[in-house]
Amino acid sequence: WRGYLRNGDGRYREAVILSLTRMIQGGIYDHLGGGLARYATDADWLVPHFEKMLYDNAELLSLLAELWTATGEPLFATRADEIVAWLQREMLGQADATGARAFAASLDADSEGVEGKFYVWDEAEIDDVLGAEAPFFKHVYGVSAGGNWEDVNILNRGDQMGLLAPADERRLETARAKLLDRRATRIRPGWDDKVLVDWNGLMIAALAKGAMVFDRPDWLQLATSAFAFIDRNMRDEARRLKHAWRAGRLAHPATLDDHANLALGALALHQASGDPLYLDKARAIV
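These numbers come from a predicted model, not from an experiment.

1. Re the environment of Met161
As for its position among the elements, Met161 is in the loop between helix H6 (134-141) and helix H7 (166-183). Here the alpha-carbon distance between Met161 and Thr21, two residues 140 residues apart in the chain, equals 6.5 Å. If near-sequence neighbours (up to four positions away) are discounted, Met161 is found in contact with Leu18, Thr21, Arg22, Gln25 and Leu75.

Right under this line is the structure:
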């Protein structure tokens, strides 16, 4: 994408938009809960390794903001909003004494010892939850009696390059909410609630960028809270940055990635808020 912005070569632009669209419409994207799995195991972006990582979703959110700015494509704004909703619902870590919270590292692929079990569906359960709306939903999300992976269904919209008409998307939104409620009754995957500075730095930067692009002050608040948590809780007695925090315990000296990504986050916060404090923080990190 940066190459396209530099040289104007439309092939670069097309490659990025096509690849990104296929990812966020494919089964590698969680169409009920938001967020992207860490990689696909097939050529069509259908079958993910179901683990969700903070850093992948940070970089995805940042790119969605850039591409929406350039294209105005509603799909990119919708997926960005869903990713942040997932962050707020499932990835906020333990609050400190001031209420500041950073982001957890990842969600596991397995539940009950089976990869993807939390995320996949059989046709009968979708029929049971959605009733008369089931045929429409199944048509859009590629659900069949035989399934599309190991006799079950990975929800996907891989054959669609964009959203449907607004009325149809509202029907799908209602259906997804019902299925998400049903999914919440399942045994959840493991949650790695470590706070890692480098991954949080990427997400802070992405949220700050998204806050500017989509006019979302609530996203900026998420980013400032995460930065404050790290700055207050993830330094040793000499104010040297540490890499990881969990349940009140710090571990490991900060890496190059920690310093670089946290500085990136501080610069994005400065740009989004105008607060010179964050420029000072970035300089101190450097």
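There's plenty left to go through after this.
2. As for the sheet that holds strand S3 (residues 106-107)
If you trace the four strands from one edge of the open sheet to the other, you get S1-S2-S3-S6, paired in antiparallel fashion. Each edge of the sheet is formed by a strand with only one pairing partner; in this case those strands are strand S1 (37-40) and strand S6 (191-192). With two bridges connecting them, strand S2 (residues 48-53) and S3 associate as antiparallel partners. Within S3, the position partnered with Met53 by the bridge is Ser106.

3. Topic: the packing of aromatic side chains
Applying the stated criterion across every chain, the model contains ten aromatic pairs. Every member of this aromatic cluster is reached through a ring pair, and the members are Phe50, Phe118, Tyr119 and Trp149. Here Arg171 stacks its cationic end above the ring of Phe136, 3.9 Å away from the centre of that ring. Just above the ring of Trp121 sits the side chain of Arg186; from NZ or CZ to the centre is 4.0 Å.

4. Brief notes about the pairing of strand S8 (residues 242-246)
Judged by how many residues are buried, S8 sits mostly within the fold: four of five residues are covered. Taken together, the two bridges between strand S7 (residues 195-196) and S8 define a ladder with antiparallel strand orientation. In the sheet register, Val195 faces S8, and the bridge partner there is Trp245. Bridge analysis of S8 against strand S9 (residues 249-253) gives four bridges, and the strand direction is antiparallel. Bridging from a neighbouring strand, Lys242 pairs with Pro253 of S9.

So, how was this worked out
- Every residue gets a number counted from 1 within its own chain, in the order that chain's sequence is written.
- Predicted model: local features are reported for residues with pLDDT of at least 70 only, side-chain atom pairs are reported and counted for 80 or more only, and whole-chain, interface and lining totals are derived from all residues.
- The basis for every side-chain value is the complete set of heavy atoms in the structure, and neither hydrogens nor water enter the calculation.
- We count a stretch as a helix when DSSP gives it H or I for four or more residues in a row; a strand needs E for two or more, and each element gets its number in order from the N terminus.
- Contact criterion: two residues are considered in contact whenever any of their non-hydrogen atoms come within 4.5 Å of each other.
- For two strands to count as paired, DSSP must find a minimum of two bridges between them.
- When two rings of Phe, Tyr or Trp (its six-membered ring) have centres within 6.5 Å they constitute a pair, described as stacked for plane angles under 30 degrees, edge-to-face for angles over 60, and tilted for the intermediate range.
- Here, a charge over a ring means that NZ of Lys or CZ of Arg falls within 6 Å of the ring centre while also lying within 35 degrees of the ring normal.
- The rule is simple: take the accessible area with a 1.4 Å probe, protein chains only, and divide by the maximum for that residue type; under 20% is buried, over 50% is exposed, in between is partly exposed.

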